[in-house]
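# Inside the fold
Given next are the chains, with one letter for each unit.
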Amino acid sequence: TSLATSIGGRTFGNCMMNAAGIRCQNKKDLDALVASSAGAYVTKSATPQKRAGNPSPRMHTLNKGSINSMGLPNNGLDYYLDYVIDDQHKRPKATNFLSVAGTSLADNLAMLHQIQESEFNGFVELNLSCPNVPGKPQVGYDFDRVNDVLDQVFQFYTKPLGVKLPPYFDLVHFDQIAAILNQYPLTFVNTINSIGNALVVDPRSEQVVIRPKGGFGGIGGASVKPTALANVRGLALRLKPAIAIVGTGGILNGVDVFEHILCGASMVQIGTQFGYEGTKLFDRLSQELKDIMNQKGYTNIEQFRGKLKTFD
Ligand SMILES: CC(C)(C)CCc1c(C(=O)O)[nH]c(=O)[nH]c1=O
């Protein structure tokens, strides 16, 4: 039973990896991912310079979930670029993911130019949940802006690149974002990022649970799985086959991985649950997925990827 997958002509021994932002901010975290049974790793979304991020408490644990407003704490692009290039020398057959989230278009373009000129040969994951011009929603919810960003990026960026999308909740939005993405030579689309600007209240203290943004933050974990599966499926049905789908959101068990793949995901990412369980999560999920595949008579994921049935 093989959990291998391929994206953009690269093969991965395991179709599971971490989601950007969780246990991937420093060398120690990334080394643990390299040593784990995860098929790849992605680095914490990078900005040009190191950032401290928001004041704590900025992440709160929920029952099987999380809310966060971290504020992009990261060690800066140079730190992650050095790490992935060093790792690529050590493990030339592996494909590493480098996440980028500039707080402006200029920052994103500057970082992508630097990566383009470097010897990095892995995948860039461009985080489109990054902020936009004031008065506008995040880039991922401003379709003209998405088009503009990708148009400018692909004027010069020739290495494999994917985008990390926020969740959409309207079928017309699936149509609109897919129509834009299909115009570009994207290697993958990663869906979903946390469900933005949720609010968790502690009825005992009568207070919100995180400090930044008056308590508003992104939700991850079990409660987002139906939205995540809808976005994986909605985009799988609309994107050209050359654009692979990375499924993220609500994965706690092997059956959740199976469902993401059934909806069309070629790779899955785990955030919240990976945060709680650490890298042994990948051993557990791999065994659980293999057990499900054995019960169903599948020997590889291509046999069921995207094969979700409807009633008609
Ligand atoms: C939300 C941003 C801070 C603009 C990007 C980084 C990010 C964060 C974060 O660093 O707060 N948290 C998420 O759940 N998803 C993200 O993409």
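What you are looking at is a predicted structure, and each value in this text was computed from that prediction instead of being measured.

Right, let's talk about a nonpolar patch on the surface for a bit. A cluster of nonpolar residues, Leu 199, Val 201 and Phe 216, forms a patch on the protein surface that exposes about 260 Å² of accessible area. Residue placement: Phe 216 occurs in strand β13 (residues 216–221).

What follows is about unusual backbone geometry. A cis amide bond, omega -5°, links Ser 56 with the succeeding residue Pro 57. Within the secondary structure, Pro 57 is located in the loop between α1 (27–35) and β4 (59–62). Phi at Glu 206 takes a positive value of approximately 60°, unusual for a residue other than glycine. Relative to the assigned elements, Glu 206 resides in the loop between β11 (201–202) and β12 (207–208).

Right, let's get into helix α3 (residues 105–117). Between the first and last C-alpha of α3 there are 18 Å, a value that for 13 residues agrees with the 18 Å anticipated at 1.5 Å per step. Where α3 is buried, its residues touch α2 (77–90), β6 (97–100), β7 (123–127), α4 (143–153) and β8 (161–165).

Moving on: the pairing of β4. Across four bridges, β4 lies against strand β5 (residues 65–68) in antiparallel orientation. Across the sheet, the residue bridging to Met 59 is Asn 68, located in β5. The turn joining β4 and β5, which pair antiparallel and follow one another in sequence, is formed by two residues; a positive phi near 60° is taken by Lys 64.

We now examine the packing of helix α6 (residues 225–236) against helix α7 (residues 254–262). Any two packed helices are characterised by how steeply their axes cross, that is the angle between the axes, and by the distance between the axes. The interhelical angle for the contact between α6 and α7, taken along N-to-C directions, is 25°, at an axis separation of 9 Å. One finds that α6 runs roughly parallel with respect to α7. Residue-level contacts link Lys 225, Ala 228, Leu 229 and Val 232 of α6 to Asp 256, Glu 259 and His 260 of α7. Tallied by class, residues from the contact of α6 with α7 come to three nonpolar, one polar and three charged.

Residues in close proximity to the ligand include Lys 44, Asn 68, Ser 69, Met 70, Gly 71, Leu 72, Asn 127, Ser 129, Cys 130, Pro 131, Asn 193 and Ser 194, which together make up its full environment. Here an oxygen atom of the ligand sits 3.0 Å away from a polar atom, N or O, in the main chain of Met 70. The separation between an oxygen atom of the ligand and a polar main-chain atom of Gly 71 is 2.9 Å. In isolation the ligand exposes 390 Å². Once the protein is present, 77% of that is buried. Class assignment for the residues of the shell around the ligand results in four nonpolar, seven polar and one charged.

Another point: the packing of aromatic side chains. Under the definition given, this model contains 14 aromatic pairs. Members of the aromatic cluster, connected to one another through ring pairs, are Phe 12, Phe 97, Phe 123 and Phe 188. Here Arg 23 stacks its cationic end above the ring of Phe 274, 6.0 Å away from the centre of that ring.

Next up on the list: the nonpolar core. Among the nonpolar cores identified, the biggest contains 72 residues, and Met 16, Ile 115 and Leu 186 are the most heavily contacted of them. When residues no more than four places from it in sequence are discounted, the contact partners of Leu 186 are Leu 150, Phe 154, Leu 161, Gly 162, Val 163, Leu 181, Ala 242 and Ile 243. Among the nonpolar cores identified, the runner-up in size contains twelve residues, and Phe 12, Met 17, Val 42 and Met 267 belong to it.

Our next topic: the sheet that holds strand β10 (residues 195–199). Here four strands make up an open sheet; going across it, the order is β4-β5-β13-β10 and the pairing antiparallel. Bordering the open sheet on either side are β4 and β10, each of which pairs with just one other strand. With direction set aside, neighbouring strand axes in the sheet form an average angle of 35°.

To summarise the sheet geometry, strands pair through backbone hydrogen bonds and adopt either a parallel or an antiparallel arrangement. An order of β3-β15-β14-β9-β8-β7-β6 is seen for the seven strands of this open sheet, with the pairing classed as parallel. Each edge of the open sheet carries a strand with a single partner, namely β3 (16–18) and β6. Strand after strand, the sheet turns through a mean of 25° between neighbouring axes, direction not considered.

Of all residues in the protein chain, 100% attain a pLDDT of 70 or more, and the chain-wide mean is 98. Taken over the whole predicted complex, pTM reads 0.98, whereas the ipTM for its chain interfaces reads 0.99.

Mapped onto the fold, Gln 269 is located in strand β15 (residues 267–270). For Gln 269, the side chain forms a polar contact with the side chain of Asn 190, separated by 2.7 Å. Not counting residues up to four positions away in its chain, the partners in contact with Gln 269 are Met 17, Asn 18, Ala 19, Ala 20, Val 42, Glu 125, Asn 190, Val 246, Gly 247, Thr 248, Gly 249 and Ile 251.

Residue position: Ser 99 is located in strand β6. At a separation of 2.6 Å, a polar atom in the side chain of Ser 99 contacts the side chain of Ser 45. When residues no more than four places from it in sequence are discounted, the contact partners of Ser 99 are Ala 20, Val 42, Thr 43, Lys 44, Ser 45, Ala 46, Glu 125 and Asn 127.

Calculation rules
- Residues numbered from 1 in each chain as written.
- Predicted model: local features only at pLDDT ≥ 70, side-chain atom pairs only at ≥ 80, totals over all residues.
- Heavy atoms only, no water.
- Patch = residues over 30% accessible without salt bridge, like charges linked within 9 Å, V, L, I, M, F, W, Y side chains within 5 Å.
- Areas by Shrake-Rupley, 256 points an atom, 1.4 Å probe, with all protein chains shown as cover.
- Salt bridge = Lys/Arg side-chain N within 4 Å of Asp/Glu carboxyl O.
- Helix = DSSP H or I, 4+ residues; strand = E, 2+ residues; numbered from the N terminus.
- Expected span 1.5 Å × (residues − 1).
- Contact = heavy atoms within 4.5 Å.
- Pairing = 2+ DSSP bridges.
- Axes fitted to C-alpha atoms, helices over the stretch in contact; angles between N-to-C directions.
- Parallel < 35°, antiparallel > 145°, perpendicular 65-115°, else oblique.
- Nonpolar A, V, L, I, M, F, W, Y, C, P; charged D, E, K, R; others polar.
- Near = heavy atom within 4 Å.
- Polar contact = N/O pair within 3.5 Å; in protein donor to acceptor, adjacent residues only side chain to side chain.
- Phe/Tyr/Trp six-rings, centres within 6.5 Å; stacked < 30°, edge-to-face > 60°.
- Lys NZ or Arg CZ within 6 Å of the ring centre and 35° of its normal.
- Core = buried A, V, L, I, M, F, W, Y, C linked by side-chain atoms within 4.5 Å.
- Buried < 20%, exposed > 50% of the residue type's maximum accessible area, 1.4 Å probe, protein only.
- pLDDT = per-residue confidence, 0-100.

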